[in-house]
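The chain contents come next:
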Amino acid sequence: MYRRLSSILFPIMTVLFIGAAYWGYQEQQEKNAVLIKAENQYQRAFHDLTNHVEQLHQQLGNTLAVNSTSQAFHRKGLVNVWRLTSQAQNEINQLPVSMLPFNEAEDFLSRIANFAYKTSVRDLTKQPLSPDEFKTLKTLYTNSQEISKDLSKMQKDVLNNRLRWMDAEIAAAKNASDPNIIIDGFRSVEKKVSEYPEINWGPSVSSMYQKRTIKMLGGNMVTAEEIKKEAAKFTDVPNADIRVVENAKGTEYASFSATVKEGKDSTLQMDFTEKGGQLLYFLNSRDIGEAKVTFEEAKASADSFLKKHGFKNMKAISYDKYENTGAFTYVGTQNGVLIYPDKLTLKVALDKGQTVGLQANDYVYQHHTRKIPSPTITKGEARKALNPEMKVQTEQMAIIFNDLGKEALCYEYTGNMNGSIYRVYINAETGTEESIEEMSHADSKAASDK
């Protein structure tokens, strides 16, 4: 009996054992293939990064080497600088830099890219490079040389010592104190960049990195108790349980967060500025059921919410539906002109048509009464800049941020072309196209509703 069972089970167990061993071998092979692929990607990205930073240094030198009146070559050089820094940024994103010390250097390359782009897009024949901009280019030329040398040294060490990025990633994840050529090399570059003197990037670039502080706001400083009253007024819930905490106390980024309990199933969260007590953010975290309300009902809820809470002269410009919620983006209006910097977004629950969210940071920090200039060109002249095939549906005036980060008065046209809906902005002073964006049918419907 035992021999008979053995004769049956032994072959079966042997096959199972061989199968398990083969499966384990296959799993290990696939794992190794994934690791090799990741390692090759890291190596390629780093070598490309080193090469592009070296080319960036050379291109900055070439741009400085030509005559100061060679606007055409300056534009070409700055475009190449922007292209190279953009490529370098893309390669940084392919490295495990989230675990490596490279934030300062990454920010530095970002600023170079924006400086080059914003300088190259303007008309250099009318507004050539200024002495300050030449000075900035010379500083960038010197700094990029230092970074290029450090990366080239790292590249040589990586190749000579056959170093693996996977090992550096593991060491960074463990926060190990043992020496690692890759990590130490990045740390050296990061330290040098952080010690560079302040660079004059110009107002258009500096504004992109300007942090919003209470200094930008009007009004008086408010207390936690005053915020508690504002939260109670906003929710219109008698005897609500409201808790207020101060964020970044004593700094120029100070704000208040309020939490309101509305029964067992609903909690309201709000953020207010400490200066002026303006509402930045609101969220009703209740569960949202199956969508039942129409677009028109959701839009009416959003409009009513804005009116009730003092957001005047707002117009919807876009709509986006996600699962059981709809998001409406509004911009301010002044004398019939759309003010795109004065932007906020409302979230509407589509089960009951209730507005359950607000994001108003842009509106709070950008909203003010503007002195709107008169257009230099006529509507007819502006239309000449449009594609002749575009079938214009609406035409109105709007203020947007242009590529230089400055507000520009434009003619805004929406219309159909090639089966799609577009929104086109023509500068009301120069007649040139400032921006174009494709709209969804929902965006068009939201913008067309009064």
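This text follows the structure it describes.
Residues numbered from 1 in each chain as written. Predicted model: local features only at pLDDT ≥ 70, side-chain atom pairs only at ≥ 80, totals over all residues. Heavy atoms only, no water.

## Digging into the overall build of the chain
Turning to step 1, where the next piece is worked out: Counting its secondary structure elements, the chain contains 12 helices and 12 strands.
Turning to step 2, where the next piece is worked out: Of all 450 residues assigned to the chain, the portion counted as buried reaches 42%.
Turning to step 3, where the next piece is worked out: The contacts of the chain with a sequence gap of at least 6 include a subset with a gap of at least 24, amounting to 59%.
Turning to step 4, where the next piece is worked out: Accessible surface, the chain: about 25,900 Å² in total, of which carbon and sulfur atoms supply 50%. (Helix = DSSP H or I, 4+ residues; strand = E, 2+ residues; numbered from the N terminus. Buried < 20%, exposed > 50% of the residue type's maximum accessible area, 1.4 Å probe, protein only. Contact = heavy atoms within 4.5 Å. Areas by Shrake-Rupley, 256 points an atom, 1.4 Å probe, with all protein chains shown as cover.)

## Comments concerning helix H9 (residues 295-308)
Turning to step 1, where the next piece is worked out: The terminal C-alpha atoms of H9, which comprises 14 residues, lie 20 Å apart, in line with the 20 Å expected from a rise of 1.5 Å per residue.
Turning to step 2, where the next piece is worked out: Residues of H9 that are buried: Phe295, Ala298, Lys299, Ser301, Ala302, Phe305 and Leu306. The arc that holds every buried residue of H9, seen down its axis, measures 155°, which confines them to one face. Across from the buried face of H9, at angles greater than 90 degrees, the exposed residues are Lys307 and Lys308.
Turning to step 3, where the next piece is worked out: Just downstream of H9 lies glycine 310, where phi reads positive at about 85°. (Expected span 1.5 Å × (residues − 1). Arc of directions from axis to C-beta.)

## Brief notes about the pattern of salt bridges
Turning to step 1, where the next piece is worked out: Taken as a whole and assessed by the stated rule, the structure comprises 12 salt bridges.
Turning to step 2, where the next piece is worked out: When the shortest N-O distance is used, the salt bridge between lysine 192 and aspartate 150 registers 3.1 Å. Remark: aspartate 150 occurs in helix H4 (residues 131-160) and lysine 192 occurs in helix H6 (residues 181-194); sequence separation between them is 42 residues.
Turning to step 3, where the next piece is worked out: Look at lysine 192 and you get partly exposed, because its relative accessible area is 34%.
Turning to step 4, where the next piece is worked out: Three or more residues joined by partner-sharing salt bridges are found here, namely Asp342, Arg370 and Glu407. (Salt bridge = Lys/Arg side-chain N within 4 Å of Asp/Glu carboxyl O.)

## Considerations on unusual backbone geometry
Turning to step 1, where the next piece is worked out: A positive phi angle is found at glutamate 323, which is not glycine, with a value near 50°.
Turning to step 2, where the next piece is worked out: Following the sequence through the fold, glutamate 323 ends up in the loop between strand E5 (314-322) and strand E6 (325-334).
Turning to step 3, where the next piece is worked out: Glutamate 323 sits in the exposed class, given a relative accessible area of 58%.
Turning to step 4, where the next piece is worked out: For asparagine 418, which is not a glycine, the phi torsion comes out positive at approximately 55°.
Turning to step 5, where the next piece is worked out: Along the chain, asparagine 418 falls in the loop between strand E10 (407-417) and strand E11 (420-427).

## Section: the packing of helix H2 (residues 71-93) against helix H3 (residues 103-120)
Turning to step 1, where the next piece is worked out: Interaxial distance between H2 and H3 falls to 8 Å at its minimum, and their mutual angle equals 150°. Classed by the angle they form, the pair H2 and H3 counts as roughly antiparallel. Handedness of the crossing formed by H2 with H3: left-handed. Taken together, the residues of H3 that come into contact with H2 (itself represented by Arg75, Leu78, Val79, Val81, Trp82, Thr85, Ala88, Gln89, Ile92 and Asn93) are Glu106, Leu109, Ser110, Ile112, Ala113, Ala116, Tyr117, Thr119 and Ser120.
Turning to step 2, where the next piece is worked out: Tallied by class, the residues present in the contact of H2 with H3 amount to 11 nonpolar, 6 polar and 2 charged. (Axes fitted to C-alpha atoms, helices over the stretch in contact; angles between N-to-C directions. Parallel < 35°, antiparallel > 145°, perpendicular 65-115°, else oblique. Left-handed = near helix turned anticlockwise from the far one by under 90°. Nonpolar A, V, L, I, M, F, W, Y, C, P; charged D, E, K, R; others polar.)

## Quick notes on the packing of aromatic side chains
Turning to step 1, where the next piece is worked out: In this structure the tally under the stated criterion is 12 aromatic pairs.
Turning to step 2, where the next piece is worked out: An aromatic cluster of at least three residues, connected via ring pairs, comprises Phe234, Phe282 and Phe305. (Phe/Tyr/Trp six-rings, centres within 6.5 Å; stacked < 30°, edge-to-face > 60°.)

## Quick look at the environment of serine 266
Turning to step 1, where the next piece is worked out: With respect to the element layout, serine 266 can be found in the loop between strand E2 (255-261) and strand E3 (267-273).
Turning to step 2, where the next piece is worked out: On the basis of relative accessible area, serine 266 is assigned to the buried category, the value being 8%.
Turning to step 3, where the next piece is worked out: Put simply, serine 266 and serine 285 are 19 residues apart on the chain and 6.0 Å apart in space, counted from C-alpha to C-alpha.
Turning to step 4, where the next piece is worked out: Contacts of serine 266, omitting those with residues within four sequence positions, involve Val260, Lys261, Asn284 and Arg286.

## Points about the pairing of strand E4 (residues 279-284)
Turning to step 1, where the next piece is worked out: Looking at chain direction, E3 and E4 are connected through 5 bridges and run antiparallel. Paired with methionine 270 across the bridge in E4 is phenylalanine 282.
Turning to step 2, where the next piece is worked out: Between E3 and E4, which follow one another and run antiparallel, lie 5 residues, and glycine 276 among them has a positive phi close to 95°.
Turning to step 3, where the next piece is worked out: Note: E4 against strand E8 (residues 354-359), 3 bridges, orientation antiparallel. Among the inter-strand pairings, phenylalanine 282 is bridged to a residue of E8, identified as leucine 358. (Pairing = 2+ DSSP bridges.)

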